[in-house]
Amino acid sequence: RDHCHALFLPDGTYMINVHYSGNNGLSLVTHSSITLSENATLKAITNNYTNYAIVNIASAQDVILTGGNILGDKDTHTGTDGEWGHGISITGSSDITIRDINISKTWGDGIYINAASNILNENIIIDSARRYGISIIKVTNYKNLNNTIKNTSGTAPQAGVDIEPNDNTSALDNVIFENLYTNNNAGTGLAINLAQMDATNTVSITIRNHHDYGSVNAFWCRKSAGVKGYIKNIDCYYEHNYNQAIHLRCCYDGD
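Residues numbered from 1 in each chain as written. Predicted model: local features only at pLDDT ≥ 70, side-chain atom pairs only at ≥ 80, totals over all residues. Heavy atoms only, no water.

1. What about the state of the cysteines?
Phase 1 of the analysis: One pass over the structure, following the stated rule, counts zero disulfides.
Phase 2 of the analysis: Of the cysteine sulfurs around Cys236, a residue in no disulfide, the closest is that of Cys221, at 12 Å.
Phase 3 of the analysis: The exposure class assigned to Cys236 is partly exposed, which follows from its relative accessible area of 27%. (Disulfide = S-S within 2.5 Å. Buried < 20%, exposed > 50% of the residue type's maximum accessible area, 1.4 Å probe, protein only.)

In structure tokens:
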């Protein structure tokens, strides 16, 4: 496994081997940063793993990743199972900045976030992820600014962004999206599924200036009975959706 604290990568293609125990590729540790030049690419070596990350940020603080490209092995993957081959995985970490980067053709999600806090995703383009462009399980203080997620397809749910806690211990506090553009995703542009949460949970999610063009649904939300807090959609614009622009569902016991 590769570790680094401060690294600049000039133009070129850097092959990332994810064939390690734990299936992690390039690991960023506390107080580390990588800056990629515009034509630098971190490319996954073709594999058959069900669960891996090209860039792995686990139990780390104060990490910055900026610039360049991340390219997955969606087109060449030799396995058929699994949906967790991520471009960037952020777990158990805080104060993480990801910006000015293009992520494409990941076997799973472009970016996966769980048990994290103080996360910034800014000026990112995610194209042709297989499962989700961005998957959020549990996060506090998250900002998604000026990002584009398009052409997600391959395995359900095929959403641009999916916010979906695994259980009722998962926090979604101060989650902010501004200027999010989702286009031509085979599922929903932005999906929020709170079915695993209950009356012990409070959520605070603000979505401002979300534009979706051509996804099956633009915005989909499922809320469990008793969940407190708010989800605000402000100045959003949806067009040419194949199913519904907005789908809202409230589920109760037995639903």
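Now that the structure has been shown, the text picks up again.
2. Brief notes about the packing of aromatic side chains
Phase 1 of the analysis: Inspection of the entire model under this criterion finds one aromatic pair.
Phase 2 of the analysis: Positioned over the ring face of Trp107 is Arg130, at 3.6 Å from the centre of the ring.
Phase 3 of the analysis: Its guanidinium or amino end placed over the ring of Tyr230, Lys232 lies 4.6 Å from that ring's centre, counting from NZ or CZ. (Phe/Tyr/Trp six-rings, centres within 6.5 Å; stacked < 30°, edge-to-face > 60°. Lys NZ or Arg CZ within 6 Å of the ring centre and 35° of its normal.)

3. Some points on the nonpolar core
Phase 1 of the analysis: If you look at the biggest cluster of nonpolar residues, it comprises 55 residues, and the most contacted ones within it are Ile57, Leu65, Ile88, Ile90, Ile113, Leu172 and Phe177.
Phase 2 of the analysis: Not counting residues up to four positions away in its chain, the partners in contact with Phe177 are Ile136, Tyr142, Asn144, Val161, Ile163, Leu190, Thr206, Ile207 and Arg208. (Core = buried A, V, L, I, M, F, W, Y, C linked by side-chain atoms within 4.5 Å. Contact = heavy atoms within 4.5 Å.)

4. A short note on the side chain of Asn193
Phase 1 of the analysis: When you line up the elements, Asn193 lands in strand β18 (residues 188-193).
Phase 2 of the analysis: Note on Asn193: relative accessible area 13%, which makes it buried.
Phase 3 of the analysis: For Asn193, the side chain forms a polar contact with the main-chain nitrogen of Ala195, separated by 3.1 Å.
Phase 4 of the analysis: Those residues in contact with Asn193 that lie beyond four places of it in its chain are Ile163, Glu164, Pro165, Trp220 and Arg222. (Helix = DSSP H or I, 4+ residues; strand = E, 2+ residues; numbered from the N terminus. Polar contact = N/O pair within 3.5 Å; in protein donor to acceptor, adjacent residues only side chain to side chain.)

5. Details of the pattern of salt bridges
Phase 1 of the analysis: One pass over the structure, following the stated rule, counts four salt bridges.
Phase 2 of the analysis: Across the pair Glu83 and Arg131 runs a salt bridge, and its minimum N-O distance is 3.2 Å. Linking Glu83 in the loop between β7 (69-71) and β8 (84-91) with Arg131 in the loop between β11 (116-127) and β12 (132-136), this pair joins segments that are 48 residues apart in sequence.
Phase 3 of the analysis: Note on Glu83: relative accessible area 22%, which makes it partly exposed.
Phase 4 of the analysis: Residue class for Arg131 comes out buried when judged on its relative accessible area of 8%. (Salt bridge = Lys/Arg side-chain N within 4 Å of Asp/Glu carboxyl O.)

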